[in-house]
Amino acid sequence: MARGRSERAFGTLQDRLVKELRLAGISDVASANQFIREVYLAQHNQRFAVKPEQQGSAFVPVIGSLWRDVLCVQDERQVGNDNTVQYGRRVLQLPPTPERAHYVRATVRVHEYPDGALVIFHGPRRLADYTPDGSLITPNGEPKTSQQAA
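Bear in mind that the values here come from a model prediction, so they are computed numbers and not experimental data.

Caption draft 1: Just a nonpolar patch on the surface, in detail. Together, Val62, Leu66, Trp67, Val70 and Leu71 give the surface a local cluster of nonpolar side chains, amounting to about 570 Å² of exposed area. In this fold, Leu66 is placed in helix α3 (residues 66-70).

So, in structure tokens, the structure goes:
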């Protein structure tokens with residue numbers, strides 16, 4: 001509902017602004033911008049502004065880095081018989097977790113972040129983190145090398 005009201009309000013404002021510019025005899029962009037800044041906005045705000053019921057901001061801060069999981073590509077994959085997930089041209093080996101030794105045939109969610117990093121989730125559980133090239137990141141934050149994997 002709010003979206004419809006705001007779209008109607010924008011339509012009304014755009015329609016009204018054209019008429020106000022015509023009444024003021026304005027026909028070029030530079031004069032229109034000056035008129036909007038110096039005359040129209042002040043008149044509009046005086047006529048339509050509503051004082052808030054409470055002081056302060058209504059915005060709520062985001063806790064943690066939840067925005068990162070919203071601003072990423074999310075894809076579902078099925079874990080293969082070798083406990084790996086195919087993503088792009090990478091094969092991501094899932095490490096054993098305290099909850100399960102393997103995730104064979106489980107459906108998991110791969111998050112690919114703008115920096116190329118990958119994370120695999122099973123439901124709400126974060127199973128593993130990977131570098132952009134697909135190397136597993138160990139709990140201490142270091143990529144696991146092929147020598148460590150052996």
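Caption draft 2: View of helix α2 (residues 29-48). Here α2 spans only 25 Å end to end across 20 residues, well under the 28 Å set by a 1.5 Å rise per residue. Where α2 bends most, the angle comes to about 45°, and this point is Ile36. Those residues of α2 that sit buried are Ala32, Phe35 and Tyr40.

Caption draft 3: Representation of the layout of surface pockets in the model. Roughly 210 Å³ of volume is contained in the largest pocket. Lining the largest pocket are Ala9, Thr12, Leu13, Arg16, Glu20, Tyr40, Gln43, His44, Arg47 and Phe48. Elements supplying a minimum of two residues to the lining of the largest pocket: α1 (2-23) and α2. Across the lining of the largest pocket, the residue classes break down as four nonpolar, three polar and three charged.

Caption draft 4: View of unusual backbone geometry. One non-glycine residue, Asn83, lies in the positive phi region at around 65°. Looking at where Asn83 falls in the secondary structure, it is placed in the loop between β1 (73-78) and β2 (84-87). Since its relative accessible area comes to 7%, Asn83 is described here as buried. With phi around 70°, Arg105 is a residue other than glycine that occupies positive phi space. With respect to the secondary-structure elements, Arg105 resides in the loop between β3 (90-93) and β4 (107-112). Residue class for Arg105 comes out exposed when judged on its relative accessible area of 60%.

Caption draft 5: Fine view of the confidence of the model for the protein. Of the residues in the protein, 91% have a pLDDT of 70 or more, and the chain-wide mean is 86. Confidence drops under pLDDT 50 across residues 146-150; counting only partners more than four residues distant or on other chains, this segment forms two contacts.

Caption draft 6: Quick peek at the nonpolar core. Counting 15 residues, the largest nonpolar core has Val85, Leu92, Leu94, Ile120 and Tyr130 as its most contacted members. When residues of this core are traced back to their parent elements, those giving at least two are β2, β4, β5 (118-122) and β6 (125-130). In terms of residue count, β6 provides more of this core than any other element does, three residues in total. Each residue touching Leu94, except ones within four places of it in the same chain, is listed here: Val79, Asn83, Val85, Tyr103, Ile120, Leu127 and Tyr130. Counting six residues, the second largest nonpolar core, distinct from the first, contains Leu17, Ile26, Phe35 and Tyr40.

Caption draft 7: Layout of the side chain of Arg90. Within the secondary structure, Arg90 sits in strand β3. Buried charge without a partner: Arg90 forms no salt bridge, and the closest opposite charge is Glu112, 4.0 Å away. A polar atom in the side chain of Arg90 sits 2.7 Å from the backbone oxygen of Pro132. For Arg90, the residues in contact, after removing those within four places along its chain, are Val85, Glu112, Leu118, Pro132, Asp133 and Gly134.

The rules behind the values
- Residue numbers restart at each chain and count upward from 1, following the sequence in its written direction.
- With pLDDT at 70 or above as the cut-off, local features in this predicted model cover only qualifying residues; side-chain atom pairs require 80 or more to be listed or tallied, and sums for whole chains, interfaces and linings still use all residues.
- Only heavy atoms go into the side-chain values, all of them from the structure, while hydrogens and water stay out.
- A patch is a set of surface residues, each over 30% in relative accessible area and not in a salt bridge, joined within 9 Å for like charges and within 5 Å for the nonpolar side chains Val, Leu, Ile, Met, Phe, Trp and Tyr.
- Note on areas: these come from Shrake-Rupley sampling with a 1.4 Å probe, and a residue is covered only by the protein chains present in the view.
- Salt bridge, as applied in this entry: a Lys or Arg side-chain nitrogen positioned within 4 Å of an Asp or Glu carboxyl oxygen.
- Runs of E in the DSSP output that reach at least two residues are strands. Runs of H or I that reach at least four are helices, and both are numbered from the N terminus.
- Helix span is expected to be 1.5 Å times the residue number reduced by one.
- Across the chain, bend at a residue is computed as the angle between axes fitted to the seven residues ending at that point and the seven starting from it.
- A 1.4 Å probe rolled over the protein chains alone gives each residue an accessible area, and that area as a share of the maximum for its type sets the label: buried under 20%, exposed over 50%, partly exposed in between.
- A cavity here means a set of points on a 1 Å grid, drawn over the protein atoms and nothing else, where a 1.4 Å probe fits but cannot get out; a pocket is an open set with protein on both sides within 12 Å along at least five of seven lines, and a residue lines either one if it has an atom within 4 Å of a point.
- Grid points are joined across faces, edges and corners, and a volume is the space filled by probe spheres set on the points.
- Amino acids outside the nonpolar list (Ala, Val, Leu, Ile, Met, Phe, Trp, Tyr, Cys, Pro) and the charged list (Asp, Glu, Lys, Arg) are all regarded as polar, and Gly is one of them.
- One number per residue, pLDDT, summarises how confident the predictor is, and it ranges from 0 to 100.
- Should any heavy atoms of two residues lie within 4.5 Å, those residues are considered in contact.
- For the purposes of this section, nonpolar cores are sets of buried Ala, Val, Leu, Ile, Met, Phe, Trp, Tyr and Cys residues that join through side-chain atoms within 4.5 Å.
- None of His or the chain ends enter the tally, which takes Lys and Arg as positive and Asp and Glu as negative.
- Polar contacts, as counted here, are pairs of nitrogen or oxygen atoms within 3.5 Å of one another; within protein the pair requires one atom able to donate a hydrogen and one able to accept it, and residues that are adjacent in sequence qualify only if both atoms are side-chain atoms.

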